[in-house]
2 protein chains.
Amino acid sequence: MTKTLASATGIARLATGDADFDDRLDALLAWEGVSDAEIQGRVDEIIAAVKARGDAALVEYSNRFDRLSVASMAELTLGSARLEQAYRGLPAAQRDALAAAAERIRLYHARQKPESWHYTEADGTVLGQQVVPLDRAGIYVPGGKATYPSSVLMNAIPAHVAGVREIIMVVPMPDGVLNELVLAAAHLAGVDHVFTIGGAQAVAALAHGTETVPRVDKIVGPGNIYVATAKRAVFGRVGIDMIAGPSEILVVSDAGTPADWLAMDLFSQAEHDEDAQAILVSWDEAHLDAVEAAIERLLPTLEREAIVRESLAGRGALIHCRNRAEAVELINRIAPEHLELSVADPDSWLSEVRHAGAIFMGRYTAEALGDYCAGPNHVLPTSGTARFSSPLGVYDFQKRSSIIHCSSRGASELGKIASVLARGESLTAHARSAEYRIEER
Amino acid sequence: MTKTLASATGIARLATGDADFDDRLDALLAWEGVSDAEIQGRVDEIIAAVKARGDAALVEYSNRFDRLSVASMAELTLGSARLEQAYRGLPAAQRDALAAAAERIRLYHARQKPESWHYTEADGTVLGQQVVPLDRAGIYVPGGKATYPSSVLMNAIPAHVAGVREIIMVVPMPDGVLNELVLAAAHLAGVDHVFTIGGAQAVAALAHGTETVPRVDKIVGPGNIYVATAKRAVFGRVGIDMIAGPSEILVVSDAGTPADWLAMDLFSQAEHDEDAQAILVSWDEAHLDAVEAAIERLLPTLEREAIVRESLAGRGALIHCRNRAEAVELINRIAPEHLELSVADPDSWLSEVRHAGAIFMGRYTAEALGDYCAGPNHVLPTSGTARFSSPLGVYDFQKRSSIIHCSSRGASELGKIASVLARGESLTAHARSAEYRIEER
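Chain A goes by Histidinol dehydrogenase in an unreviewed UniProt entry, where it is assigned to Halomonas heilongjiangensis. Here is the UniProt Catalytic activity (unreviewed entry) comment for chain A, exactly as written: "L-histidinol + 2 NAD(+) + H2O = L-histidine + 2 NADH + 3 H(+)". Quoted verbatim from the Pathway (unreviewed entry) field of the UniProt record, the comment on chain A reads "Amino-acid biosynthesis; L-histidine biosynthesis; L-histidine from 5-phospho-alpha-D-ribose 1-diphosphate: step 9/9."

Here is the structure:
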């Protein structure tokens, strides 16, 4: 029934004018990161074991799942000297790039730090909010092929800027392999301790504590379905960040950006994994054709061609809309993790964008710059959760306490109001507690 | 083995010097708000039914669980005229008290509102963060005996101050009974629509939307175990606030506050329900004796005596500590929802308090004043979650988007860094996307 057909590149072509556009877009965006009952059961079992047997369970699971043969947690613990050694051992170009990225991320996040505030009312009553860092944060870093030093910077630096007293990182060591860049990033980001454990067992250890692993107050960082399921299970006992879905980008182009640039921007999203989503929107059909031709021409030159092809064919799209207003509507409907406004005057769009994790403005701001070193965080709300969630930030590693300090006069006046309302709720001890503070009774 | 015995009031006496103090305190604080597999199964079933059959399922469940006999959602929908009518119909004293409380809450929360910010770097690159309200928020309000108009104010006003476009309230109507004060509070707080539905079915409707109930972006508000289980289940599809445990207070007294006042402050917490927790800490043993005597004397005068007795006997405590330092240690260990610093110079304590939902300072600031009308929110982190959570606030109804706008020069410099790091992660399409923006290649 659709008027447009998938091309040789496999990427879908949609148009807002198509009768079935809404259904096709919904199908394209649909994502259910479900953990079935079997995974749930295994995760519950792992959490119970770590809670009951601590380090011994961690050693057993690590030996089994990561194919190790360690005897104790001492062999799964890295001190700060080891992290610094990794940093010193890097080739100079990598060391400098990592340090430059860390510094830019630190500068941006320092601007983001909320401060305590208070104000005094006429009768002397003081109201306010005290902002305090968490005592201890846990950073989960995936092992194996998806080990990204940039993620270590993005997760740990906000915690460090917030003033968290102790930052614990966990990263599994499958087959005993460690990534030196990841350890170097941990050194730069201010991580205090690293345990080379992963999976649901690492989440359980951070949430409940073991003889070796200290219990943390919040766990952040991406992971596979076992990690996500475990985070959901311990939510409430500790804080967690959002449970992330596949990464996605929505690029809006006014046809003024070179087609090759846009094709590569889409690839940079699609190369993450087969579930990643890359969508381009434009009101210029010839431009969409040009980008599709660029995709076709450049695809064979990619190192991760197979992954990109599968991602584009399964979840990618080139969408033709009628005009700028429809493009804005699509942005807010999709609520993308990454939004690239590849247009002449991106500032004029900003007030209309209600939902997006990060907004990359203009032709020069490739998402890749934000992924690594522009400064803002690359941990962003996925799968439309930008409707209600924010980038990871300093605020995720702080919490607030309300401050109420009534003067005797203030308490007397407030007591009269509280008394009426408390009696309206039949909470008479509340009322009497307030009434004790009313003057001249 | 304990040296101290429960008194006639049933409240436990503990001392930090006791050999078994740590164990007894841990036992006292232990709280597992578990939802068992049976509840989980029933909630999953309800959510699936509402998702599949929408309004029809809502009508069926409301008829069954709330003992109604309505034919359609029209009978479970209240318009703004009905809310205003409830407000106009209140006795003047209640209307004025509610309006005064709403105004103070609004003033406090207006101070709390984070603003967008940005800065420009030397090469013209702009970085920042855009703060935007949610499109739509859902407020859950319990029905029956725990229907509190103050909770409507505390949940809805921050959403309204944040600028949320549409605020939906749900409140069950068991046996057809509505609370006029609750409706009046909804009118004052800026609620747009009220549906008289509750339980897991109301949470499901807010998360998924039905023909009548619009899908929201975030659900806040307290509820029973079914509501809490449903909120946990839809978390990720929509945002939720914390899953609350029983309410608690920790009062620290330097013996300068009248024993009767302190007894009533403890009662005001204990009268909420049998699981509520009220703890008093002091280094003056004679003062603890005096408060216990006041408890014994005042208990028979309470309307909710039975609930208070059970709460104090089961979860209350009078704790003798050695000195001020030990009191501070206890505060941070317990991380109380409500902390009352009933001492001569509470300001001097503030920098040492790391974990508390709200801090009530000095002899005049009864918790009850904060519960109703001081201004700060009364929705606070319970069960030690103040270690990582904050009071409900304007920030819960906003989200942030990162802004990155690179100048051509900025993109060129950042591109060099991103290229090195992306290649270090084997993400070569990222690298090439960045490299296109490097000048003079």
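After that view of the structure, there is still more to cover.
A. Examining the pattern of salt bridges more closely. In the structure shown here, the tally under the stated rule is 52 salt bridges over all chains. Arg-333 of chain A is paired through a salt bridge with Asp-26 of chain A; the nearest N and O atoms lie 3.1 Å apart. Remark: Asp-26 of chain A occurs in helix H1 (residues 21-29) and Arg-333 of chain A occurs in helix H13 (residues 324-334); sequence separation between them is 307 residues. Accessibility expressed as a relative area gives 34% for Arg-333 of chain A, which makes it partly exposed. Here Asp-26 of chain A falls in the partly exposed class, since its relative accessible area comes to 43%. The salt bridge involving Asp-260 of chain B is made with Arg-297 of chain B; its shortest N-O contact spans 2.7 Å. A residue pair is termed long-range when its members are at least 10 positions apart, and Asp-260 of chain B in helix H10 (residues 259-270) and Arg-297 of chain B in helix H11 (residues 285-298) qualify at 37 residues. Judged by its relative accessible area of 23%, Asp-260 of chain B falls in the partly exposed class. Among the residues examined, Arg-297 of chain B registers a relative accessible area of 47% and is labelled partly exposed.

B. Region of interest: the relation of the copies chain B and chain A. For the pair chain B and chain A, the superposition axis carries a translation of 0.0 Å, the fit reaches an RMSD of 0.0 Å, and the rotation angle comes to 180 degrees. Both chain copies can therefore be described as sitting about a two-fold axis. Most of the interface of chain B is mirrored in chain A, where 100% of its interface residues are also at the interface.

C. Examining the packing of aromatic side chains more closely. Per the counting criterion, the structure on display carries 14 aromatic pairs over all chains. Ring geometry for Tyr-119 of chain A against Tyr-108 of chain B: centres 6.5 Å apart, planes inclined by 35 degrees, an arrangement best described as tilted. Of this pair, Tyr-119 of chain A sits in strand S3 (residues 117-120) while Tyr-108 of chain B sits in helix H5 (residues 92-111), which puts the two residues in different chains. Classification of Tyr-108 of chain B as buried rests on a relative accessible area of 0%.

D. Representation of the UniProt feature "active site" (unreviewed entry) in chain A. All names here are of chain A. The feature "active site" (unreviewed entry), as annotated in UniProt, sits at Glu-337 and His-338 in this numbering. Looking at the element boundaries, Glu-337 is found in the loop between H13 and strand S13 (338-342). Accessibility expressed as a relative area gives 2% for His-338, which makes it buried. Discounting chain neighbours no more than four positions away, the residues touching His-338 are Ser-247, Glu-248, Ile-249, Leu-250, Gln-269, Ala-358, Phe-360, Glu-367, Asp-371 and Leu-380. Polar side-chain contacts of His-338 include one of 2.7 Å to the backbone oxygen of Glu-248.

E. Structural view of the nonpolar core. Of all hydrophobic cores here, the largest spans 72 residues; its most connected members are Ile-197 of chain A together with Ile-197 of chain B. Excluding residues within four positions of it along the chain, Ile-197 of chain A makes contact with Leu-58, Ser-62, Met-73, Leu-76, Val-170, Val-171, Pro-172, Ala-202, Ala-205 and Val-213 of chain A.

F. Highlighting the packing of helix H10 (residues 259-270) of chain A against helix H17 (residues 428-435) of chain B. Between H10 of chain A and H17 of chain B, the least distance of the axes is 8 Å, while the angle of their chain directions is 150 degrees. As the angle between them shows, H10 of chain A and H17 of chain B are arranged roughly antiparallel. For H10 of chain A against H17 of chain B, the interelement crossing comes out left-handed. Residues Met-264, Asp-265, Phe-267 and Ser-268 of chain A of H10 of chain A lie in contact with H17 of chain B, whose contacting residues are Ala-429, His-430, Arg-432 and Ser-433 of chain B. Its residues placed into classes, the contact of H10 of chain A with H17 of chain B shows three nonpolar, three polar and two charged.

G. Structural view of the sheet that holds strand S1 (residues 12-15) of chain A. Taken in spatial order, the nine strands of this open sheet run S1(A)-S12(A)-S11(A)-S10(A)-S13(A)-S14(A)-S15(B)-S4(B)-S3(B), and their pairing is mixed. Of all strands in the sheet, those bounded by a partner on one side alone are S1 of chain A together with strand S3 (117-120) of chain B. The mean inter-strand angle of the sheet, taken between neighbouring strand axes irrespective of direction, is 20 degrees. Of the pairings in the sheet, the one linking strand S14 (residues 358-361) of chain A to strand S15 (residues 398-405) of chain B comprises three bridges and is parallel in character. Residue Ile-359 of chain A lies in a different strand from S15 of chain B, and its bridge partner there is Ile-403 of chain B. Of the strands in this sheet, strand S10 (248-253), strand S11 (277-282), strand S12 (317-320) and S13 of chain A touch H10 of chain A, which is tilted by about 165 degrees from S10 of chain A. On the sheet, H13 of chain A packs against S10, S11, S12 and S13 of chain A and is oriented at approximately 170 degrees with respect to S10 of chain A.

H. Seen up close, the domain arrangement of chain A. Taken domain by domain, chain A consists of domain 1 (12-30 + 245-385), domain 2 (37-240) and domain 3 (406-441). The C-alpha centroid of domain 3 of chain A is placed 57 Å from the C-alpha centroid of domain 1 of chain A.

I. How the structure looks around the interface of chain B and chain A. Taken together, the 119 residues of chain B in the interface contact 119 residues of chain A. Together chain B and chain A conceal approximately 10700 Å² of surface at their shared face, both sides included; 58% is due to carbon and sulfur atoms. For the pair chain B and chain A, the number of links is nine salt bridges. Across the pair Arg-387 of chain A and Asp-217 of chain B runs a salt bridge whose closest N-O atoms are separated by 2.3 Å. On the surface where chain B and chain A come into contact, there are 70 residue pairs in polar contact (both at pLDDT 80 or more).

Conventions used here
- Residues numbered from 1 in each chain as written.
- Chains lettered and ligands numbered in written order.
- Predicted model: local features only at pLDDT ≥ 70, side-chain atom pairs only at ≥ 80, totals over all residues.
- Heavy atoms only, no water.
- UniProt positions renumbered as here; feature names shortened; annotations may be inferred.
- Salt bridge = Lys/Arg side-chain N within 4 Å of Asp/Glu carboxyl O.
- Helix = DSSP H or I, 4+ residues; strand = E, 2+ residues; numbered from the N terminus.
- Buried < 20%, exposed > 50% of the residue type's maximum accessible area, 1.4 Å probe, protein only.
- Least-squares fit on C-alpha atoms with pLDDT ≥ 70 in both.
- Contact = heavy atoms within 4.5 Å.
- Phe/Tyr/Trp six-rings, centres within 6.5 Å; stacked < 30°, edge-to-face > 60°.
- Polar contact = N/O pair within 3.5 Å; in protein donor to acceptor, adjacent residues only side chain to side chain.
- Core = buried A, V, L, I, M, F, W, Y, C linked by side-chain atoms within 4.5 Å.
- Axes fitted to C-alpha atoms, helices over the stretch in contact; angles between N-to-C directions.
- Parallel < 35°, antiparallel > 145°, perpendicular 65-115°, else oblique.
- Left-handed = near helix turned anticlockwise from the far one by under 90°.
- Nonpolar A, V, L, I, M, F, W, Y, C, P; charged D, E, K, R; others polar.
- Pairing = 2+ DSSP bridges.
- Domains from an automatic or database assignment.
- Buried area = accessible area lost by both parts, 1.4 Å probe.

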